[in-house]
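# Commentary on secondary and tertiary structure
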Amino acid sequence: MSIVEFHHGVSDKLAYACRLLRKAYRAGAQVVVTGDAAALKALDRQLWVFEDREFVPHVLAQSEGSLPVRQHSTPIWLTVDPATAPGERGVLVNIGQTLPAGCERFARLFEIVSNEANDRQQGRLRWKSYAAKGWQVNPHEVKE
């Protein structure tokens, strides 16, 4: 059974994702982040600049097999297809608006849902899908 941590009410998804990924990296987690290609590219850029004194190691995998083997151990893996992430990774972070393909592979899933109306509506649909699978869904209202 997977556990879904549903973070909703987020004003800036990318900034929130950066903070969440920094925390995961500090804890030693191996994480996959998924969403649409444009959002992942924007997150990649933001991860390079959001923290002046600390780097969050990550790679943006734009297509299968696009990264050398030496980068497969990078703790944060950004990809539109979570199934292509190498190794044992127990955490998936979804910044997209659709149910991530292959999410069953992960023990924990973090959903980041913004205040934007369409994003909230898509989030509700994903919540229902997870609940229908019998997964534990834990709501976390973000007060920024």
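Description of the structure in this document. The written sequence of each chain sets the order in which its residues are numbered from 1. For a predicted model such as this one, the threshold for reporting local features is a pLDDT of at least 70, and the threshold for listing and counting side-chain atom pairs is 80 or more; totals across whole chains, interfaces and linings nevertheless cover every residue. Side-chain metrics in this entry use all non-hydrogen atoms of the structure; hydrogen atoms and water are not considered.

## A word on the sheet that holds strand 4 (residues 76–79)
Sheets are built from strands paired through backbone hydrogen bonds, the pairs being either parallel or antiparallel. Strand pairing follows a simple DSSP-based rule, namely that at least 2 bridges must link the two strands. Helix and strand definitions here come from DSSP, where helices need a minimum of 4 consecutive H or I residues and strands a minimum of 2 consecutive E residues; each element is numbered from the N-terminal end. Across the sheet, seven strands lie side by side as 3-4-2-5-6-1-7; this open sheet has parallel pairing. A strand with exactly one partner marks an edge of an open sheet, and here the two such strands are strand 3 (58–61) and strand 7 (136–141). Each neighbouring strand pair of the sheet contributes to a mean axis angle of 20 degrees, computed without reference to strand direction. Of the strand pairs in this sheet, strand 1 (residues 3–10) and strand 6 (residues 108–114) are connected by seven bridges, and their pairing is parallel. For histidine 7, the partnering residue across the bridge sits in strand 6 and is isoleucine 112. Contacts between helix 1 (residues 13–26) and the sheet are confined to strand 1, strand 2 (31–34), strand 4, strand 5 (91–94) and strand 6, with strand 6 contributing the most and set at about 155 degrees to the helix. Across the sheet, helix 3 (residues 117–132) lies against strand 1, strand 5, strand 6 and strand 7, angled at about 155 degrees from strand 6, the strand it touches most. As a rule, the C-alpha atoms of each element are fitted with a line to give its axis, helices using only the stretch in contact, and angles between N-to-C directions run from 0 to 180 degrees. In what follows, a contact means two residues having at least one pair of non-hydrogen atoms within 4.5 Å.

## Thoughts on the packing of aromatic side chains
Put simply, two rings from Phe, Tyr or Trp (the six-membered ring, in Trp's case) pair if the centres are within 6.5 Å, and we call them stacked under 30 degrees between planes, edge-to-face over 60, tilted for the rest. Here the structure, examined in full by the defined rule, presents three aromatic pairs. Seen in terms of ring centroids, phenylalanine 6 and tryptophan 127 are 4.9 Å apart; in terms of plane orientation they differ by 70 degrees. Their pairing is edge-to-face. Note that phenylalanine 6 is positioned in strand 1 and tryptophan 127 in helix 3, a separation of 121 residues in sequence. Partly exposed residues are those whose accessible area sits between 20% and 50% of the maximum for their type, while under 20% is buried and over 50% is exposed, using a 1.4 Å probe and protein chains only. Relative accessible area serves as the criterion here: at 4%, phenylalanine 6 is assigned to the buried category. Residue tryptophan 127 is classed as partly exposed on the basis of its relative accessible area of 29%. Judged by centre distance (4.8 Å) and plane angle (40 degrees), the ring pair of tryptophan 48 and phenylalanine 55 falls under tilted. For tryptophan 48, a relative accessible area of 53% translates into the label exposed. With relative accessibility at 39%, the residue phenylalanine 55 sits in the partly exposed group. Between lysine 133 and the ring centre of tryptophan 135, over which it is positioned, the NZ or CZ distance is 5.2 Å. Any Lys NZ or Arg CZ found within 6 Å of a ring centre and within 35 degrees of that ring's normal is scored as a charge over the ring.

Any functional reading would require information beyond the geometric quantities listed.
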